[in-house]
Amino acid sequence: MLKNDRMIAGAISGMLASVFQEIYANLTTVLGFSTRDFGDYAGVLVMSQNYQGLLAHFMQLVAHVSVGALFGIVFAALFRYATSNYWWLKGMIFGSILWVLLTGIGTLFKMPMWINIPPRAALDLYIGSIVFGFSTAFILKYLDQRTELL
């Protein structure tokens, strides 16, 4: 059994949080609130453009969950030395920072899907980033209290 491994706990929390984020994003896309979702962005990162079809959507999900694992590890490492007070706020701040960094980098390099993001899509991405940060912190806190991973 895995014990005392912050990297594994962070990866698990980030992967699960990216699934919650994807559920949120798909819901807002289906409801017509946004023209983009996080899988689209992840797909552009690994395939250079936004392809359609079942295999493309699967690869987008794989990329999204993989990026989520990376950011979960970063979150777990960053907050290793912080108290567990206000874990939910720390997660939301982390999500906000990721939103600014990733959107800014994508815009700076003029990556497909990042060019001319409409305000509603930008708001949707921001809320989705908050969902990711909060979920990552919640799951990491849960793992800390109920498992021997941390």
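Above this text sits the structure in question.
Residues numbered from 1 in each chain as written. Predicted model: local features only at pLDDT ≥ 70, side-chain atom pairs only at ≥ 80, totals over all residues. Heavy atoms only, no water.

Brief notes about the nonpolar core
Ala9, Ala17, Phe71, Phe75, Ala76, Phe94, Leu98, Phe132, Ala137, Ile139, Leu140 and Leu143 together form the largest nonpolar core, which totals 12 residues. Every element with two or more residues in this core is listed here: α1 (6-30), α3 (54-78), α4 (87-108) and α5 (119-146). Leave out the neighbours within four places in its chain, and Leu98 touches Phe71, Thr103 and Phe132. Counting eight residues, the second-largest nonpolar core is a separate cluster that includes Tyr41, Met111, Trp114 and Leu125. (Core = buried A, V, L, I, M, F, W, Y, C linked by side-chain atoms within 4.5 Å. Buried < 20%, exposed > 50% of the residue type's maximum accessible area, 1.4 Å probe, protein only. Helix = DSSP H or I, 4+ residues; strand = E, 2+ residues; numbered from the N terminus. Contact = heavy atoms within 4.5 Å.)

Quick notes on helix α2 (residues 38-47)
Counting buried positions along α2 yields eight of 10 residues, so the element is predominantly enclosed. For α2, the complete set of buried residues consists of Phe38, Gly39, Asp40, Tyr41, Ala42, Gly43, Val44 and Met47. Lining the buried residues of α2 we find α1, α3 and α5. Immediately downstream of α2, the backbone of Ser48 shows phi near 70°, a positive value.

Looking at the packing of aromatic side chains
Each aromatic ring pair is characterised by the separation of its centres together with the angle its planes make. In the structure shown here, the tally under the stated rule is six aromatic pairs. Ring geometry for Phe75 versus Phe79: centroids 4.6 Å apart, planes at 50°, classification tilted. When the centroid spacing of 5.8 Å and the interplanar angle of 50° are considered together, the rings of Trp87 and Phe138 count as tilted. A residue pair is termed long-range when its members are at least 10 positions apart, and Trp87 in helix α4 and Phe138 in helix α5 qualify at 51 residues. Here Phe138 falls in the partly exposed class, since its relative accessible area comes to 44%. An aromatic cluster of three or more residues is present, and its members are Phe75, Phe79 and Phe94. (Phe/Tyr/Trp six-rings, centres within 6.5 Å; stacked < 30°, edge-to-face > 60°.)

Some details on unusual backbone geometry
A positive phi angle is found at Ser48, which is not glycine, with a value near 70°. The residue Ser48 is located in the loop between α2 and α3 in this model. Of note in this structure, Tyr86 is not a glycine but carries a positive phi near 55°. The topology assignment puts Tyr86 in the loop between α3 and α4. Note on Tyr86: relative accessible area 56%, which makes it exposed.

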